[in-house]
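So you can see what is in the structure, the chains are spelled out below.
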Amino acid sequence: MSKWATFRDGLFKNNPVFVVNLGLCPTLATSTSLRDAVGMGLAATFVTVGSNVIVSAIRRAVPNRVRIPCYVVVIATFVTIVELFLGAYQPDLYKALGIFLPLIVVNCIVLYRAEVYASKNGVLSSLLDGFGMGFGFTLAVLLLGFIREGLGKGTLMGYPVIPGFDPVGIMVLPPGGFLTMGLLLAFFSWRRLKSKEGKSR
Amino acid sequence: MFAIVIGMVFVNNFVFARFLGLCPYMGLTKEMSSAIGMGMAVIFVMTIASIATYPLYSYFLLPFGVERVLRTASFILVIAALVQFIEMLLQKVNPALYKAMGIYLPIITTNCTILGVTVLNIDTFVKDGKAQPGGLVGSAVQGFSAGVGFTLAMILMSSVRERMEMADIPKPLRGIPIAFITAALMSMAFLGFSGLIKQ
């Protein structure tokens, strides 16, 4: 696989959220506004890239039996870096993301990429794979944040977009998150079914 | 104490209000039996993890001033070691119980509900860098009731999904999408509990 394809794989074809159905909790919880969505997406991207690079660099030194605890320690280190950084420079975002910032440690996407990809491939490919998966996740959170903030508050990034629009408050509450996610997943599976039908004809 | 229980089971239910533990919620609710097994295992591990991490934070990390740097890393390691230990202990002491919930124990380590509840305990019971009195009991109760709330959500969802197997659902909606829409309706119902306690 070429380097560009490695990167693109995580964005669309194997999007971690919509296709593999991983990392659902932070996707739903931090998509109430676009600003939180950007923060969460970039934080998770940083952790995925960092842990992918380190895991790939140490993949020959780690004995097979204790690999999972080793990966978890590497991931926890990067999460702590993000936590301290955001706490110092972006306190508002730090507060808004709340417990979902330390919970990046148990975000399945990060461990999944470490185990499936980085532990078997070189450093450069793992770096690109981390960026692809991280941006794929960011894309998913942004899409949900766009729909939910737009409909739920009538704003985007905090700025009003449609004058005189009466916001649908439920969209920023938990039920709106579940509903948006369900409908988006249904849409993507409808697209897949349709393209399959088109090929068999 | 009562407010904590009601709050964690109904008002701030982990699945419906906080979006925690969605992976097992979507993955293990196809059958009632697996939903109950996972729920019980989560209650068990959550309570023990709460009891273990609270003293770790307030008596080791806080006095040495490393609580911000080491919280996440030390908690996840303690939880991983604890789950492994519980698994070995159950296998020896109570094989019947091990059979019922043993297969769910390894997946619990990377379940965000467990780490979530331990971090939440710290947020609730440690104020301004000082452990509050009664924090240990409070953490244990909070951990236990969060597990009960999670189990309640699992059982509700699995009983609906067992019936949905028979229904004629449009093809693109089958499986996870319809489960999400069902969850949306349930969490709307759970919003009705939000007046029960003062936030």
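Each chain carries its own residue numbering, running from 1 in the direction its sequence is written. All chains are assigned letters beginning at A, and all ligands numbers beginning at 1, according to the order in which they are written. In view of the model being predicted, local features appear only for residues whose pLDDT reaches at least 70, and side-chain atom pairs are presented and counted only at 80 or more, with totals across whole chains, interfaces and linings using the full set of residues.

## With respect to the overall build of chain B
The test is simple: Counting from the N terminus, the helices are DSSP H or I runs at least four residues long and the strands are E runs at least two residues long. Values of the radius of gyration come from C-alpha atoms, whereas the globule rule sets the reference at 2.2 Å times the count of residues to the power 0.38. Whether a residue is buried, exposed or partly exposed follows from its count of other C-beta atoms within 10 Å of its own C-beta, namely 20 or more, 12 or fewer, or something in between, respectively; the C-beta atoms are built from the backbone.
Helix and strand counts for chain B stand at nine helices and two strands. Relative to its length of 199 residues, chain B is compact, with a C-alpha radius of gyration of 18 Å against a globular reference of 16 Å. Dimensions along the principal axes, computed over C-alpha positions, put chain B at roughly 60 × 45 × 30 Å. Taken across its 199 residues, chain B has 43% of its residues classed as buried.

## Considering the environment of B:Ser33
All names here are of chain B. Topologically, Ser33 is positioned in helix H3 (residues 32–61). With 10 C-beta atoms counted inside 10 Å, the residue Ser33 sits in the exposed group. The spatial distance from the C-alpha of Ser33 to the C-alpha of Ile155 is 9.0 Å, given a sequence separation of 122 residues.

## A closer look at the interface of chain A and chain B
Here is the rule we go by: We call two residues in contact when their backbone-placed C-beta atoms lie within 7 Å. Classification used: nonpolar for Ala, Val, Leu, Ile, Met, Phe, Trp, Tyr, Cys and Pro, charged for Asp, Glu, Lys and Arg, polar for all others including Gly.
Contacts between chain A and chain B engage 34 residues on the former and 33 residues on the latter. For the side of chain A that touches chain B, the secondary-structure elements that each account for two or more residues are helix H2 (24–29), helix H4 (67–89), helix H6 (108–118) and helix H8 (174–200) of chain A. Taken together, the residues of the side of chain A that touches chain B sort by class into 27 nonpolar, six polar and one charged.

## Quick notes on the nonpolar core
Inclusion rule: Note on terminology: a nonpolar core is any set of buried Ala, Val, Leu, Ile, Met, Phe, Trp, Tyr and Cys residues joined through C-beta atoms within 7 Å.
In terms of nonpolar packing, the biggest core is built from 100 residues, with A:Val47, A:Ile75, A:Ile104, A:Val105, B:Val45, B:Met46 and B:Leu115 touching the most fellow members. The greatest single-element share of this core, amounting to 10 residues, is contributed by H3(B). Those residues in contact with B:Leu115 that sit more than four places away from it in its chain are A:Pro102, A:Leu103, A:Val105, A:Val106, B:Phe75, B:Ile76 and B:Ile79.

## Focus on unusual backbone geometry
With phi around 60°, A:Asn21 is a residue other than glycine that occupies positive phi space. Within the element layout of this structure, A:Asn21 appears in the loop between helix H1 (3–11) and H2. The partly exposed category is assigned to A:Asn21, around which 17 C-beta atoms lie within 10 Å. Notably, B:Phe19 is not glycine yet its phi reads approximately 60°, a positive angle.

## Concerning the confidence of the model for chain A
Under the convention used in this document: pLDDT expresses how confident the predictor is about each individual residue, on a scale running from 0 to 100.
When pLDDT is averaged across chain A, the result is 88; 99% of the residues are at 70 or more. No element of chain A has a lower mean pLDDT than H1(A), at 81, and none a higher one than helix H3 (residues 34–57) of chain A, at 93.

## Looking at the environment of B:Val11
Residues and elements named next belong to chain B. Among the structural elements, Val11 can be located in helix H1 (residues 2–11). When the C-alpha positions of Val11 and Phe193 are compared, they lie 5.4 Å apart, and in sequence the two are 182 residues distant. Non-local contacts of Val11, meaning those with residues more than four positions away in its chain, are made with Ile6, Phe193, Ser194, Leu196 and Ile197.

## So, the packing of helix H4 (residues 67–93) of chain B against helix H7 (residues 112–125) of chain B
Residues and elements named next belong to chain B. So the rule is basically this: Angular values range over 0 to 180 degrees, each being the angle between N-to-C directions of two axes fitted as lines to C-alpha atoms, with helices fitted over their stretch in contact. Note that the term roughly parallel is reserved for angles under 35 degrees, roughly antiparallel for angles over 145, roughly perpendicular for angles of 65 to 115, and oblique for everything else. Helix crossings fall into two classes, left-handed where the near helix is turned counterclockwise from the far one by less than a right angle and right-handed where it is turned clockwise.
Running from amino to carboxyl end, H4 crosses H7 at an angle of 130°, the nearest separation of the two axes being 11 Å. The orientation of H4 relative to H7 falls into the category oblique. The handedness of the crossing between H4 and H7 comes out as right-handed. Taking contact as the criterion, the partners of Phe75, Ile76 and Ile79 in H4 are, on H7, Ile114, Leu115 and Thr118. Taken together, the residues of the contact of H4 with H7 sort by class into five nonpolar, one polar and no charged.

## Digging into the packing of H1(B) against helix H8 (residues 135–164) of chain B
Helix packing for two helices is described by the angle between their axes and how far apart those axes are. Residue and element names in this part refer to chain B. Contact geometry for H1 and H8: axes closest at 7 Å, N-to-C directions at 30°. Taken together, the axis directions place H1 and H8 in an arrangement best described as roughly parallel. Two packed elements cross with a definite hand, and for H1 against H8 that hand is right-handed. Seen from H1, the contacting residues are Ile4, Val5, Met8 and Val9; seen from H8, they are Gly138, Val141, Gln142, Ser145, Ala146, Val148, Gly149 and Leu152. The class makeup of the residues in the contact of H1 with H8 is eight nonpolar, four polar and no charged.

## Quick look at the confidence of the model for chain B
Taken residue by residue, chain B gives an average pLDDT of 86. The fraction at 70 or more is 98%. In the model output, the complex is listed with pTM 0.87 alongside ipTM 0.84.

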